[in-house]
Amino acid sequence: MTKFTAPRIAAAAALALSGLGAQAQVANSSYFDFKLGNSDFSARCGNFYRCDSTDSSYGVTYGQNLNPNAALEFSYTDFGSAVRGGGDVKASAASAAYVAKLPVDRVTFFGKVGVAYGWTDSRPATFTDVPSGKDSGFGPQVGLGASVDINKQLALVAQWEQTHVPFKGEGQEHIDNTTIGLRVKF
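Here we summarise the structure given alongside this text.

Rules used in this analysis
Residues numbered from 1 in each chain as written. Predicted model: local features only at pLDDT ≥ 70, side-chain atom pairs only at ≥ 80, totals over all residues. Heavy atoms only, no water. Phe/Tyr/Trp six-rings, centres within 6.5 Å; stacked < 30°, edge-to-face > 60°. Helix = DSSP H or I, 4+ residues; strand = E, 2+ residues; numbered from the N terminus. Buried < 20%, exposed > 50% of the residue type's maximum accessible area, 1.4 Å probe, protein only. Pairing = 2+ DSSP bridges. Axes fitted to C-alpha atoms, helices over the stretch in contact; angles between N-to-C directions. Salt bridge = Lys/Arg side-chain N within 4 Å of Asp/Glu carboxyl O.

## So, the packing of aromatic side chains
For the coordinates displayed, the defined rule picks out six aromatic pairs. Arranged with centres 5.0 Å apart and planes meeting at 70°, the rings of Y117 and F138 form a pair that is edge-to-face. Highlighted residues: Y117 in strand 5 (residues 107-123) and F138 in strand 6 (residues 133-149), separated in sequence by 21 residues. Residue classification places Y117 among the partly exposed positions, given a relative accessible area of 28%.

And the structure:
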């Protein structure tokens, strides 16, 4: 597991801010994404109880195009909850990411790297080896996806993201999130 340290946070911030000086006027330079999907928690299950690591997720993203090949995004995602240790764990995160884009006609492929601040709340059963309690902190986020323009103001977006969040007593674990959504450009 990669430890997310202050130098790595600084490097991610520098990368995200590097495109600001080169910002050009881009048609439909801002956008909102509204997304629904499926999350998959990697946190351990615990002994003696059944586990279900998946749930529905939803989120919203504000994006600012820097130029046709780059953007900055700020997101909030609710990952839902996973069944573990005879109880559940809920997770959500706010994130900032640098997005590299490759537009090809009406389709745009993209990859993103950023930092997320995640919150988790573990509530296992009384007799379990899974730690209980709330935790929060910073972790890395990466993602891949594509958008397809419907018209100049709307696009369909499909993406996969992996966000690292802290779990009480267990350190950082990742949550994979696969979503589809609608992008509104303005």
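On we go.
## Quick word on the sheet that holds strand 7 (residues 154-167)
The antiparallel closed barrel is built from eight strands, whose spatial order is 1-2-3-4-5-6-7-8. Mean inter-strand twist for the sheet, computed between neighbouring axes without regard to direction, equals 25°. Both strand 5 and strand 6 contribute to a ladder of 16 bridges, which runs antiparallel. The residue of strand 6 that forms the bridge with S122 is G133.

## Details of the pattern of salt bridges
Applying the stated criterion across every chain yields a total of eight salt bridges. Measuring nitrogen to oxygen at the nearest pair gives 2.7 Å for the salt bridge that ties D149 to K185. Taken together, the residues span a long stretch of sequence, with D149 in strand 6 and K185 in strand 8 (residues 171-185) at a distance of 36 residues. Using a relative accessible area of 22% as the deciding quantity, one classes D149 as partly exposed. Note on K185: relative accessible area 14%, which makes it buried. Linked through salt bridges whose partners overlap, the residues forming this network are D33, K35, E73, K112, E161 and R183.

## Re the pairing of strand 8
Examined bridge by bridge, strand 1 (residues 30-41) and strand 8 share eleven bridges and lie antiparallel to one another. In the strand pairing of strand 8, L36 is matched with I180. When strand 7 meets strand 8, the two strands line up antiparallel, connected through 14 bridges. Opposite A158, over in strand 8, you have I180 as the bridge partner. Hairpin connection of strand 7 to strand 8: three residues between the antiparallel strands, including G169 at a positive phi of 75°.

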